[in-house]
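Architecture at a glance
Below are the chains, spelled out letter by letter.
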Amino acid sequence: MQAIEDQIPDLYRYARFLEATPDRADDLLQDCLERGVSRLDRFQAGTDLRAWLFAIMHNLFIDRARRRQRRGLASSPRPSGHLRLPAGNVFSSCRVPPL
């Protein structure tokens, strides 16, 4: 556990780099630490703990960004009705050269 605690300052700096607000960075750090501690049995001894924790944080960030993007797209208004073109032939002056 001490080895994980030693990584917290660097993890927090990385979270602040990734997230736009300190609150989101705090949440990201907390989720990263929770996931790291809960899955410590999956960590392979002899490998780099720091790299493992940073990978967890990066993957959590990507998941959150995708979730925010989906929520943003889902909540945006969808166009209703058909596409309406202006009256008249607006393309009459367009000339396309032959191939």
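Residues numbered from 1 in each chain as written. Predicted model: local features only at pLDDT ≥ 70, side-chain atom pairs only at ≥ 80, totals over all residues. Heavy atoms only, no water.

Counting its regular elements, the protein chain contains three helices and zero strands. In the protein chain, which comprises 99 residues, the proportion classed as buried is 21%. For the protein chain, contacts bridging at least 24 residues in sequence account for 60% of all contacts bridging at least 6. A total accessible area of about 8,000 Å² is found for the protein chain, and carbon and sulfur atoms account for 55% of it. (Helix = DSSP H or I, 4+ residues; strand = E, 2+ residues; numbered from the N terminus. Buried < 20%, exposed > 50% of the residue type's maximum accessible area, 1.4 Å probe, protein only. Contact = heavy atoms within 4.5 Å. Areas by Shrake-Rupley, 256 points an atom, 1.4 Å probe, with all protein chains shown as cover.)

A separate point is the environment of Arg13. Topologically, Arg13 is positioned in helix H1 (residues 2-18). Classification of Arg13 by relative accessible area gives exposed; the value is 52%. Through-space distance from the C-alpha of Arg13 to that of Ala25 is 8.7 Å; in sequence the pair is 12 residues apart.

A contiguous nonpolar surface patch, about 260 Å² in accessible area, is contributed by Met1, Val37 and Leu40. Here Val37 shows up in helix H2 (residues 22-38). (Patch = residues over 30% accessible without salt bridge, like charges linked within 9 Å, V, L, I, M, F, W, Y side chains within 5 Å. Salt bridge = Lys/Arg side-chain N within 4 Å of Asp/Glu carboxyl O.)

The next point concerns H2. Three or four residues apart is the spacing at which side chains of an α-helix point the same way, because the helix has 3.6 residues per turn. For H2, spanning 17 residues, the distance from its first C-alpha to its last is 24 Å, which sits close to the expected 24 Å at 1.5 Å a residue. Burial in H2 covers these residues: Ala25, Leu28, Leu29, Cys32, Leu33 and Gly36. The arc that holds every buried residue of H2, seen down its axis, measures 130°, which confines them to one face. Facing away from the buried side of H2 by more than 90 degrees, the exposed set consists of Asp23 and Ser38. (Expected span 1.5 Å × (residues − 1). Arc of directions from axis to C-beta.)

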